[in-house]
Amino acid sequence: MPLGDRLADAVQRRRSQLVLGIDPDPARVWPRALELVEDGPPGGDRRPAALAARAVAAHGRLLLDAAGEQCVGIKPQVACFERLGAPGWAALAEIVGDARQRGLIVIADAKRGDIDVSAKAYGQAFFGGVATPFGDVPGLGVDLLTASPLLGSDSIAALLAQARKDAGGLLLLTRTSNPGADDLQGLRLHDGRTVSEAIAALVDEHGSAGVGSSGLSDVGAVTGATVPAHLARLRELMPNAVMLLPGLGPQGGDGSALAPAFAPGPAGGLVPVSRGIVYAHERAGGEPAVAAADEARRLREMLWNLYA
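Calculation notes
- Residues numbered from 1 in each chain as written.
- Predicted model: local features only at pLDDT ≥ 70, side-chain atom pairs only at ≥ 80, totals over all residues.
- Heavy atoms only, no water.
- Phe/Tyr/Trp six-rings, centres within 6.5 Å; stacked < 30°, edge-to-face > 60°.
- Helix = DSSP H or I, 4+ residues; strand = E, 2+ residues; numbered from the N terminus.
- Buried < 20%, exposed > 50% of the residue type's maximum accessible area, 1.4 Å probe, protein only.
- Salt bridge = Lys/Arg side-chain N within 4 Å of Asp/Glu carboxyl O.

Our next topic: the packing of aromatic side chains. What the rule picks out here adds up to 2 aromatic pairs. Between tryptophan 89 and phenylalanine 126, the ring centres sit 5.7 Å apart and the planes meet at 65°, which makes this aromatic pair edge-to-face. Here tryptophan 89 is found in helix H5 (residues 85-101), whereas its partner phenylalanine 126 is found in helix H6 (residues 116-126), with 37 residues between them in sequence. Looking at tryptophan 89, the relative accessible area reads 30%, which means it is partly exposed.

This is the structure in structure tokens:
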């Protein structure tokens with residue numbers, strides 16, 4: 001099934017456009033995750049990186065248990081795992097495997113971007129893996145990877161070729177949610193378009209061969225929820241793209257203003273929320289898992305009732 005059709009099917013089955021962001025801070029994992037590490041079997045690697053990675057993996061499982069059923073997918077922030085070295089990557093692989101067993105879409109938020117050999121290697125790492133003289137080494141097995149398009153069309157094509165080999169896709173940084181986005185993305189080019197509009201045209205161009213019967217492509221865009229005024233124009237330029245809409249919640253995005261993203265249907269926009277769910281107990285009180293479940297349910301219902 002083409003990636004866009006898989007996304008559309010998953011959104012309808014789960015009645016959710018909510019994506020669970022997993023950006024673990026080893027110093028702020030839920031207390032139960034720390035208990036699970038301490039209560040684990042004796043022995044094993046007791047170095048800080050290994051212990052922190054075990055806590056992060058436990059935190060991810062607890063978060064999936066609490067909020068996963070309210071979501072259509074997860075979005076692990078890869079840097080939060082990579083900083084723990086090899087044990088961190090192992091923790092990431094564990095959480096990705098858990099999410100896939102639960103039927104969730106997996107979006108690796110890694111913002112990769114390069115050409116030729118490097119692009120191929122990135123694709124192999126995140127999607128299907130690589131053949132070696134010693135046997136095949138599996139990749140992470142994600143469905144979508146966030147990527148930077150600033151090296152141009154050849155970098156997009158090289159990475160997309162690897163993604164498509166394994167029925168995966170890309171989400172290109174188009175108009176991001178951070179305050180400094182307009183430093184570059186809002187600049188005007190010689191033809192009058194902004195940089196964001198030029199990237200949107202690349203999204204549409206490279207995704208045209210991957211549009212399924214749902215009308216959605218395997219090349220989408222990261223378009224921040226913090227400045228929804230851009231969404232109508234970007235949707236016009238990318239009629240078939242899935243839009244990943246970060247920024248709802250702590251960053252200040254307003255869910256009621258995201259309508260253009262959902263023009264192709266309920267799966268036209270995916271809304272990732274991390275801190276707003278993970279740390280809901282700090283605002284609402286109570287047990288972290290209960291607060292996370294309640295907040296995920298509230299967000300899922302809000303989005304579904306607005307845009308389904």
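Applying the stated criterion to the full structure yields 21 salt bridges. Residue glutamate 94 is joined to arginine 61 by a salt bridge in which the shortest nitrogen-to-oxygen separation is 2.3 Å. Residue glutamate 94 is located in helix H5, and its partner arginine 61 is located in helix H3 (residues 48-67); the two are separated by 33 residues in the primary sequence. Judged by its relative accessible area of 32%, arginine 61 is partly exposed. In this structure, aspartate 294 and arginine 297 form a salt bridge, with 3.0 Å as the shortest nitrogen-oxygen distance. In this pair, aspartate 294 and arginine 297 are both assigned in helix H12 (residues 288-307), 3 residues apart and thus about one turn of the helix distant. Classification of arginine 297 by relative accessible area gives partly exposed; the value is 31%.

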